[in-house]
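Architecture at a glance
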Amino acid sequence: MTFTTYMRYEALRTLRNRRFMILALGFPLVIYFLIATPNRNEQDIGGTGISAPLYLMVGLVAFGTMNAMLGSGARIAAERTAGWNRQLRITPLSPRTYFRTKVLTGYMLAAMTMALLYAAGTALGVRLSASEWFQMTVLLLVGLIPFAALGILFGHLLTPDSIGPAIGGLTAALSILGGVWFPVTGHGILHDVALALPSYWLVQAAHVGVGGSGWGATGWIVLAAWTVGAAYLARRAYARDTKRA
Amino acid sequence: MDGMVAATKTSPDGTGITLAGLTKTFAGEHGVVEAVRSIDVSIALGETVALLGPNGAGKSTTIDMLLGLQEPDDGAARLFGGEPRAAVAAGRVGAMLQTGQLIRDLTVRELISMVASLYPRPLAVDETIALTRIEEIADRRTQKLSGGETQRARFAIALVSNPDLLVLDEPTVAMDVESRRAFWATMRDFAARGSTILFATHYLEEADAYADRAVLMAHGRVVADGPPTEIKAMVGQRRIRATLPGVPLESLESLEGVTRAERRGESIVLACSDSDAAIRALLARFPGARDIEISGADLEDAFIELTGAEADA
C-alpha cells in the first residue's frame, strides 16, 4: 500500500480538471487585479498606513485559500454521486488515508493560490521582509486546518447541486464577518461573532503581513475547537455515507 | 490489520462466505420493505456461485451486507471466517458494484494503478489490462468511455486487487455483446486461479453457463440453491401461451415436456422443460389451441409463480 502513488494520482486528477483549476486559482487573482490595480498607488488605505495592494493581497489570500480548502467538498460530492465512494469503501483504503489525501490536495491548491497572489502582490509593488512572508504563510497554513475538515464534512453531507451555493454563501459570509474586506472593529455582537469564526483568525494570520500580531490564546482555542468539531463531524459523515447513490 | 495481510486463499474455518439469518429491512415510500428475509447461504472456497433473481429480489442488498457496506438488521455475513470489513481491509475482496461511474481526469491505466496502490498484493497493471482485454481503452480518459467500456474498466478495477473473493453485482447489465463475451472469457480465466466468485445476475443463461451453483432469490428469500441445471428445470426454459378455453389444467400438466400449467382467463401458460415436445403434444391433443406464442423463460414471472404465495404471506 503506497500512499505516495495514491496521492500522486489524486493530485494529478485535480490538476487536470481545467475548469476547476481556472476558477479556483483564477477567481481570486482576477478580483485582486481588478481592485488593486486602480489603487496601486494608494499608500494609506483608510488611514491604516497600509498600501492598497498589500491590504488587498492579504485579504484575498485568506479568501482564496479558504475557498481552495472548501473546494475539496465539491470534488468529494461529485465523487460520491458517481458512486466512487462506495467503490473506495470496498478497498483497504483507511478513512485516515482518505482524509489525508483530501486534506493534502486542498493544501496543494491553497499553496498555489498563495503563490499566485504573492506574485501578483509583488508585481504591484508589495514588499515584505522574509520573516513577514514566512510568518504569514505558516500561520495561514495552520489556520486552514478547520477549513479542510469543513470541506470534507460538506462534501459528505451535500449533493453536487447544493454544494456550490453552500460553499459560495459560506465563503462570502465567513469572509465578510471574518474581516477579509473591511476590518472588524468595535465591540458589538458582530465583533463577538467574528472572534468565534475560523475565518477571522485566518484573516489575522494574513494580517501578519500588514503588521498584525497573529493569534493570541483566543485564536488558537477557536481554531482548535473548529478543527476538532468539524473533523469529528466529517468522520461521522464519512462513516455513515455508504448508501447507494 | 496485523496478521490479516496473509496472502493465502484459506480461512480459519475453511469457508469462503457464510450468510446466517441475514436480514435487512428498509423504510420505503409505501411502508416497510423487507429486502432480505433471513437468508442462509454458505459458499466454499473456490466456488463460483451465481446469485440469481429478478430485480428487487434482494440480491444487491445481500451483496452490500456481505461487503460490509450495509449492516444487517439481524444475522451476520462472514467472509473467510471473519467480519466483512476485516476481509476488505486485508485486501482480500475485489468487487464491482451494480451502479457506479469512474472518477474523471485519469486514464483507465492510471485509475487502475491508483486503485492497485491500495492493495497489499495487486496484480500487475499491464497483466490486469491484458486479462480484461481493455488494451484499446487503457490510455483513454475515464470520462471519454462509453457505458460498456466503463463497465469493463470497472471490472479491471475489481480484478487488479487480485482478490481471494471476487463479487460482481449484475456485471453485464450495461455491456454490449462484444463486451459481454470478453467479460466472460476473463471470468473463466480468473476462476481457474482458484478464487471464490459470487456474481449476481437476472440472466438464467449466465448462471447456467458460468456458475458451479446458483442461489435463486425472490422477495428477499432464497427459494432454491443448487446446480444451475436444477434451477433451470425448476423455472422452465420456455413458455407456451395459447388461447384454449375449457381445458382442465391437470390434462395440460400431463403433456410431455410441460412442467407446470396455469390459466389466465381464456389463455393458458405452460412452463416447459422441453418446449418442442410440449408444442407437438399440445397440438396433437388440443387442435383447437390458437394464438400460440413460445417465449424464453421469463425469470421474473417464473419467480413470482414459484414464490408468489409465500411472498405475500
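Quick caveat: nothing in here was measured; it's all calculated off a predicted structure. Along each chain, numbering runs from 1 in the same order as the chain's sequence is written. The lettering of chains begins at A and the numbering of ligands begins at 1, in the order of writing. Per-residue local features are limited, in this predicted model, to residues with pLDDT of at least 70; the limit for side-chain atom pairs, both in listing and counting, is 80 or more; totals at the level of whole chains, interfaces and linings are taken over all residues.

**Examining the overall build of chain A**
For the record, the criterion: A run of H or I in DSSP counts as a helix once it spans at least four residues, and a run of E counts as a strand once it spans at least two, with each numbered from the N terminus. The globule rule used for comparison is 2.2 Å times the number of residues to the exponent 0.38, while the radius of gyration itself is calculated over C-alpha atoms. To assign burial, the other C-beta atoms lying within 10 Å of each residue's own C-beta are counted, with C-beta atoms placed from the backbone; 20 or more indicates buried, 12 or fewer indicates exposed, and intermediate counts indicate partly exposed. For every residue pair, C-beta atoms are placed from the backbone, and the pair is scored as a contact if these atoms sit within 7 Å.
Secondary structure summary: chain A contains 11 helices and 0 strands in total. In sequence order, the secondary structure elements of chain A are arranged as α-α-α-α-α-α-α-α-α-α-α. Taken over C-alpha atoms, the radius of gyration comes to 18 Å for chain A, in line with the 18 Å a tight globule of 245 residues would show. Projected onto the principal axes, the alpha-carbon positions of chain A cover approximately 60 × 40 × 30 Å. Scored against the burial criterion, the 245 residues of chain A give a buried share of 42%. Within chain A, residue pairs in contact and separated by at least 24 positions form 80% of the contacts whose partners lie at least 6 positions apart.

**Notes on the packing of helix H6 (residues 130-143) of chain A against helix H10 (residues 198-206) of chain A**
Residues and elements named next belong to chain A. Here is the rule we go by: Whenever a helix is involved, its axis is fitted only over the stretch in contact; in every case the axis is a line through C-alpha atoms, and angles between N-to-C directions fall within 0 to 180 degrees. Each angle is binned into one of four classes, with values under 35 degrees roughly parallel, values over 145 roughly antiparallel, values of 65 to 115 roughly perpendicular, and all other values oblique. Note on convention: the crossing is left-handed when the near helix lies turned anticlockwise from the far helix by less than a right angle, right-handed when the turn is clockwise. We call Asp, Glu, Lys and Arg charged. Ala, Val, Leu, Ile, Met, Phe, Trp, Tyr, Cys and Pro are nonpolar, and the rest, Gly among them, are polar.
In the contact formed by H6 and H10, the axes pass within 8 Å of each other and the chain directions differ by 165°. Relative to H10, H6 is oriented roughly antiparallel. Classified by chirality, the crossing of H10 by H6 is left-handed. Along the contact surface, H6 presents Met136, Leu139, Leu140 and Gly143, while H10 presents Pro198, Trp201, Leu202, Ala205 and Ala206. Grouping the amino acids of the contact of H6 with H10 by side-chain chemistry returns 8 nonpolar, 1 polar and no charged.

**Concerning the confidence of the model for chain B**
Should pLDDT be low for a region, the predicted coordinates there are not to be read in detail. All names here are of chain B. Test applied: Scored from 0 to 100, pLDDT reflects the predictor's confidence in each residue.
Mean pLDDT over chain B: 87, with 89% of residues reaching 70 or higher. Put simply, helix H11 (residues 299-312) is where chain B has its lowest mean pLDDT, 55, and helix H3 (residues 108-116) is where it has its highest, 97. When the criterion is pLDDT under 50, residues 1-9 qualifies, and its contacts beyond four places in sequence or with other chains add up to 10 contacts. Per the prediction output, this complex has pTM 0.83; the corresponding ipTM is 0.88.

**Focus on the interface of chain B and chain A**
In many analyses, interface size is given as the accessible surface area lost on bringing the parts together. Contact residues are listed per partner, giving 24 residues for chain B and 23 residues for chain A. At the level of secondary structure, the elements contributing two or more residues to the side of chain B that touches chain A comprise helix H2 (84-89), strand E5 (93-96) and H3 of chain B. At 4 residues, the largest contribution of residues to the side of chain B that touches chain A is made by H3(B). Each residue belonging to the side of chain B that touches chain A can be placed in one class, and the counts come to 15 nonpolar, 7 polar and 2 charged.

**A short note on the environment of B:Leu123**
On the secondary structure map, B:Leu123 appears in the loop between H3 and helix H4 (125-131). Sequence separation between B:Leu123 and B:Ser113 is 10 residues, and the spatial gap between their C-alpha atoms is 9.9 Å.

**As for the domain arrangement of chain B**
What counts here: Marked domain ranges trace back to an automatic or database domain assignment.
Here chain B is partitioned into domain 1 (15-227) and domain 2 (237-296). In this structure, domain 1 of chain B and domain 2 of chain B have C-alpha centres spaced 38 Å apart.

**What to know about the environment of A:Met66**
Residues and elements named next belong to chain A. Here Met66 is to be found in helix H3 (residues 52-81). Judged by local crowding, Met66 falls into the buried class, with 31 C-beta atoms found within 10 Å. Along the chain, Met66 and Leu202 lie 136 residues apart, while their C-alpha atoms are 8.3 Å from each other. Not counting the four nearest positions on each side in its chain, Met66 is found in contact with Phe147, Thr171, Leu174, Ser175, Ser199 and Leu202.

**Re the sheet that holds strand E11 (residues 258-264) of chain B**
All names here are of chain B. Test applied: Two strands pair if DSSP finds at least two bridges between them.
Here we have 4 strands laid out as an open sheet, ordered E11-E12-E10-E13, and antiparallel in their pairing. The sheet is open, and its two borders are formed by E11 and strand E13 (290-296), each paired with just one other strand. Strand-to-strand twist of the sheet, defined as the mean angle between neighbouring strand axes without regard to direction, takes the value 15°. As paired strands, E11 and strand E12 (residues 267-272) are joined by 6 bridges and run antiparallel to one another. Bridge assignment links Ala261 to a residue of E12, and that residue is Leu270. Here helix H10 (residues 275-285) sits on the sheet and contacts strand E10 (238-243), E11, E12 and E13; the angle it forms with E10, its principal contact strand, is near 20°.

**Points about the nonpolar core**
Selection rule: A set of buried Ala, Val, Leu, Ile, Met, Phe, Trp, Tyr and Cys residues, joined through C-beta atoms within 7 Å, is what we mean by a nonpolar core.
In this structure, B:Leu52 and B:Ile112 are the most contacted members of the largest nonpolar core, which totals 79 residues. For B:Ile112, the contacting residues outside a window of four places in its chain are B:Val125, B:Thr128, B:Ile129, B:Ala156, B:Ile157 and B:Val160. With 60 residues, the next largest nonpolar core counts A:Ala52, A:Ala148, A:Leu202 and A:Val210 among its residues.

**What about the packing of helix H7 (residues 145-157) of chain A against helix H11 (residues 217-240) of chain A?**
All names here are of chain A. Packing of H7 against H11 brings their axes to within 8 Å, and their N-to-C directions diverge by 25°. For the element pair H7 / H11, the angle class is roughly parallel. Our pair here, H7 against H11, has a crossing hand that is left-handed. Where H7 abuts H11, its residues Ile145, Pro146, Ala149, Leu150, Ile152, Leu153, His156 and Leu157 lie against Leu223, Trp226, Thr227, Ala230, Ala231, Leu233, Ala234, Ala237 and Tyr238. For the contact of H7 with H11, the residue count by class is 15 nonpolar, 2 polar and no charged.

**As for the sheet that holds strand E4 (residues 74-79) of chain B**
The strands that make up a sheet pair up through hydrogen bonds in the backbone, lying either parallel or antiparallel. Residue and element names in this part refer to chain B. Across the sheet, 3 strands lie side by side as E2-E1-E4; this open sheet has antiparallel pairing. At either end of the open sheet lies a strand with only one pairing partner, and these are strand E2 (31-44) and E4. Ignoring which end each strand starts from, the neighbouring axes of this sheet average 20° apart. Most of the contacts of helix H1 (residues 59-66) go to strand E1 (residues 15-28), to which it runs at about 120°, and overall it touches E1, E2 and E4.

**Here's the deal with unusual backbone geometry**
Residue and element names in this part refer to chain B. The backbone of His219 sits at a positive phi, close to 50°, despite the residue not being glycine. Position of His219 among the secondary structure elements: in the loop between strand E8 (213-218) and strand E9 (221-226). For Asp291, which is not glycine, the phi torsion reads 50° and is therefore positive. Mapped onto the fold, Asp291 is located in strand E13.

**Topic: the environment of A:Phe182**
Residue and element names in this part refer to chain A. Inspection of the secondary structure puts Phe182 in the loop between helix H8 (160-178) and helix H9 (189-195). What makes Phe182 exposed here is the crowd of 9 C-beta atoms within 10 Å. For the pair Phe182 and Gly59, spaced 123 residues apart in sequence, the C-alpha to C-alpha distance is 9.0 Å.

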